[in-house]
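Survey of secondary and tertiary structure
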Amino acid sequence: MPEPNLIEEQIQLERDQIKQGLKRLRDNTLNLENKNYSSATIYGIATIDSLLPLVVERINDTHTRLKERKNGVAFKEIQQYLTGLEPLAAAAIACKIALDKVFGYKDNSNQVTNVCVAIGNAVEDECQLRHYEEHAPGLLNILKKNYWHRACGTQQKIRSIQTLMNRYEVKRWTAWGTSNRVKLGSWLLDCILESSGWFEKTQVRVGRKTTLYVVPTSAFLDIKDEVMANAELFSPLTWPMLIPPNDWTNHTPGGYLLNEVMRGHELVRRGNDCLIQGETPMAFLNQIQKVAYTLNPFVVEVAEVLMERGIGVGKFRPIMEHELPPKPVDIADNKESRQAYRRTAAEAMNRNAQEFKRSCRTRMTMEAVARFKDVCKFYIPWSFDYRGRTYPIPAFLTPQDTDFGKSLLKFAREAFMTPEAETWLAIQVATTYGLDKSTMSERIAWTRDNYTLISRIAKDPIGCLPDWEGAEEPWQFLAACEEYYHCVILCDRNYTALMVATDATCSGLQILAGLARDKKTAQLVNVVPSDKPQDAYAVVAEAAKPNCPKTIQPFMDRKVVKRTVMTVPYNAKPFSNRAYIREALKEKDIVVDKDDLTLTVRAVRDAMHRVVPGCLNVMKWIEDEVSKTIKHGAAELEWCTPSGFIVHQRLMKKKVERLNLQLLGRCTLNVATDETNKVDISRHKAATAPNLIHSLDASLLHLSAVKFNAPLALIHDSVLARATDMSQLSSVVRETYMYLFAEHDYLTSFAQQIGAKEEPPIIGDLEPSSVIESTYFFC
């Protein structure tokens, strides 16, 4: 039981989280309003979602009346300007601009004339870019890639494209004229006012001058207040805790002390609150919440120095300032000099703006570091997702952070160094450097051969920055070097608390191999013992190579196919495979055309059918049986995992229309504000196999953790423990896998739970008990 003063301190910390979350929400809202971006606020997004269907319906109704010759002359005059723009696009632009202007803080922002002009200008800008897309699509794409990522805002984007298109003599855009833009904007504004009743025009008289403004109605202000009040309930920041989190039960909320009152976090995210979860998952969740962490002072010090100097390494990105160019002495008199300065200054300011955005996560992480670096130990509240996977509730200082974020953490409970711990620390050093596909003996040998490098980094990390910034996981490599140097090389530290990680080898295929009892696949993903780690990615690459275009064959290796092989068990389709393979080839400076990319994707997928047919047959069987079950009247699926976690899969159809605008980006129209009563068979077919795999790898960790009595952290299919405990943990994980698939025929059990009609395609030539001897099952 924590001491009363610590409990009070934790309650105060949670109150601070609430206050700071509210402050951040309100500051962000005010900041967006000051910048005339009210449409991006919480209430702005909610308003547009609700307004869009109403405005679209109004626009469609007007078009219908025009066809019936019942519309007035006024609309017929501007209707020609909307021919190239679908009603959803026009409505999205009008709603966004109207929200920005009505709630903007700039003088006269909500004056009717200004609102109408802004809407008309935005519609013309969108139509102008569509004109360029029609007449020079390739050039437009290149210009957007080269210029838009540095652009300050919408107006700079349109002016840059317009100037460059004219330079390349693309068919010029015929401007609509101010009068037409105002008429169009006025009509679209009236559509908003008349369809919603949320805004109205009002006259304000100052002296002899009367001005017309657009203002929100009292009905809308009530809605806005309600939206913001609901947003504030979920605005508290989420930090680690100073004391162990409250235990979760099936009836009471756990985690933060105030969660029982606030109820801001659920036991199962997106789950069914009525389900009673098994004892093992609950014991597992409450066990990992009791693991205490502390910050690694060595990594914190290095990060603070690099932050101050503006030096980025890997995922650590401080604000890196680009200096503005000096003003030329003749800037007042020389037009060319003045224009050149403005251009280079604008580029520097744009780069600074981009750097500020990129540094967001690093800045927020360092804010959390500043708050917790003097805390001797802290705890992390966790919760499940609906498949049983576990996620930390805080956003920062957790084991599921980036490479930099993970390097900041150590277990608060140290363990006395042993020869076994020396071995695992050596493996951690080499693995984070980039030797994760080497054998264990090769990793250990690499570390012992590089004592000089490790010592140099540990003693002078800033001066030796080039020695470690190029590592595969530079920050975790840095932390491992420092721990290894003091615990093994210098031997001035007898205890270790570093988090050492081991990962499953393509866990999706490991799970499918166990379900199908498929020895061929099991050998490729290290379920079966071997002298060195097997590489399924390399095998698939070799099998695919002969069927790839000849220009691609020399570059086909494990890196090209890795993400595709990893994600196919999770039902990744050819479209996403294309993106993965294109990106991997791009890293090799190979630009692949559309046809060759199609052939390469087909070759890789065909190779997987030859290399791991048992796994893909299981996935196909799941799709077929789920389809039959849904067609026979099932509205949702439910299954219980071996650990006792109940997965509830409910997927109903939603009417959603998406639209890509050239300037304003993607807009989503929710035609139905809630789920329909129709089951989404396609989503069930696509989601069930991945969700089954996720639920089983989660179950594997639930059952493993409750047998393990030492500090433990998790990243889905990866486990982290102290070096002194890693051998025991690896043994427990292997034993649990054997328990899951040797002592139980889970695929048959799953078939019964979902009401399958056909027997599952179990090959049956794998003895899962052999995993006990597999060194590289988790490595």
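Up top is the structure these notes are about.
Just so you know, these numbers come straight off a predicted model, no measurement behind them.

Here's the deal with the overall build of the protein
What the protein contains, in helices and strands, is 30 helices and 16 strands. Computed over the C-alpha atoms, the radius of gyration of the protein is 30 Å, within 12% of the 28 Å expected from 2.2 N^0.38 for a compact globule of 779 residues. The C-alpha extent of the protein, read off along each of the three principal axes, is 90 × 70 × 65 Å. In the protein, which comprises 779 residues, the share counted as buried stands at 51%.

Focus: the pattern of salt bridges
Applying the stated rule across the entire model yields 25 salt bridges. The residue E483 makes a salt bridge to K410 at a minimum N-O spacing of 3.1 Å. Within this pair, whereas E483 is found in helix 20 (residues 474–489), its partner K410 is found in strand 8 (residues 409–416), the two being separated by 73 residues in sequence. Assigned by exposure class, E483 and K410 land together as buried. The partner of R558 in a salt bridge is D535, and the shortest N-O contact between them spans 2.5 Å. On the criterion of sequence distance, the pair formed by R558 in helix 24 (residues 558–567) and D535 in the loop between helix 22 (519–524) and helix 23 (536–544) is long-range, its members being 23 residues apart. Residue class for R558 comes out buried when judged on its relative accessible area of 19%.

Here we look at helix 17 (residues 440–449)
Residues spaced three or four apart along an α-helix point in a common direction, a consequence of the helix completing one turn every 3.6 residues. Among all positions in helix 17, only M440, R443, I444, W446 and T447 are buried. Buried residues of helix 17 fall within an arc of 160 degrees about the axis and therefore sit on the same side. Helix 17 presents S441 and D449 as exposed residues on the side facing more than 90 degrees away from its buried surface. Here the buried face of helix 17 lies against helix 16 (419–433), helix 18 (451–459) and helix 20.

Digging into the nonpolar core
The biggest cluster of nonpolar side chains holds 157 residues, and the ones touching the most others in it are Y293, W468 and W475. Top element by residues in this core is helix 20. It accounts for 10 residues. Non-local contacts of W475, meaning those with residues more than four positions away in its chain, are made with V299, V302, A303, L306, V313, F316, D403, F404, S407 and W468. Counting residues in hydrophobic clusters, the runner-up holds 47 residues, among them I59, I97, L189 and L193.

Considerations on the sheet that holds strand 7 (residues 390–392)
Pairing in this open sheet of three strands is mixed, and the strands run 3-6-7 from one edge to the other. Each edge of the open sheet is held by one strand with a lone partner, namely strand 3 (268–269) and strand 7. Looking at chain direction, strand 3 and strand 6 (residues 382–385) are connected through two bridges and run parallel. The residue bridging V268 from the neighbouring strand is F384, located in strand 6. Taken strand by strand, helix 11 (residues 279–289) contacts strand 6 and strand 7, and its axis lies near 145 degrees from that of strand 6.

Examining the sheet that holds strand 8
The strand order 5-4-8-9 describes an open sheet built from four strands, whose pairing is antiparallel. The open sheet has two edge strands, strand 5 (378–379) and strand 9 (495–498), and neither has a second partner. Of the pairings in the sheet, the one linking strand 4 (residues 292–295) to strand 5 comprises two bridges and is antiparallel in character. Bridged to Y293 within strand 5 is F378. Helix 20 rests against strand 8 and strand 9 of the sheet, and its axis sits at about 175 degrees to strand 9.

Regarding helix 5 (residues 112–135)
In a regular helix each residue adds 1.5 Å, so 24 residues correspond to 34 Å; helix 5 covers 35 Å between its end C-alpha atoms and thus fits that length. Summarising burial for helix 5: 17 of the 24 residues are buried, a large majority.

Details of the pairing of strand 4
On a regular strand, each side chain points to the face opposite its neighbour's, so the side chains alternate between the two faces of the sheet. Neither face of strand 4 is open: one carries A292 and T294, the other Y293 and L295, and all of them are buried. In terms of strand pairing, strand 4 meets strand 8 through three bridges, oriented antiparallel. In the sheet register, Y293 faces strand 8, and the bridge partner there is F411.

Things to note about the packing of aromatic side chains
Within a pair of aromatic rings, the relevant descriptors are the distance that separates the centres and the angle that separates the planes. Evaluated as defined, the whole model comprises 21 aromatic pairs. Between F404 and W475, the aromatic rings sit 4.8 Å apart at their centres with planes inclined by 65 degrees, giving edge-to-face as the arrangement. Placement of F404 in helix 15 (residues 403–407) and of W475 in helix 20 is noted, with a sequence separation of 71 residues between them. On the basis of relative accessible area, F404 is assigned to the buried category, the value being 2%. Here W475 falls in the buried class, since its relative accessible area comes to 0%. Among the aromatic residues, those joined into a cluster by ring pairs are Y43, F103, W198, F199 and F220. The side chain of K224 reaches across the aromatic face of Y43, ending 4.5 Å from its centre. Here R387 stacks its cationic end above the ring of Y386, 5.5 Å away from the centre of that ring.

Cut-offs applied
Residues numbered from 1 in each chain as written. Predicted model: local features only at pLDDT ≥ 70, side-chain atom pairs only at ≥ 80, totals over all residues. Heavy atoms only, no water. Helix = DSSP H or I, 4+ residues; strand = E, 2+ residues; numbered from the N terminus. Rg over C-alpha atoms; globule rule 2.2 N^0.38 Å. Buried < 20%, exposed > 50% of the residue type's maximum accessible area, 1.4 Å probe, protein only. Salt bridge = Lys/Arg side-chain N within 4 Å of Asp/Glu carboxyl O. Arc of directions from axis to C-beta. Contact = heavy atoms within 4.5 Å. Core = buried A, V, L, I, M, F, W, Y, C linked by side-chain atoms within 4.5 Å. Pairing = 2+ DSSP bridges. Axes fitted to C-alpha atoms, helices over the stretch in contact; angles between N-to-C directions. Expected span 1.5 Å × (residues − 1). Phe/Tyr/Trp six-rings, centres within 6.5 Å; stacked < 30°, edge-to-face > 60°. Lys NZ or Arg CZ within 6 Å of the ring centre and 35° of its normal.

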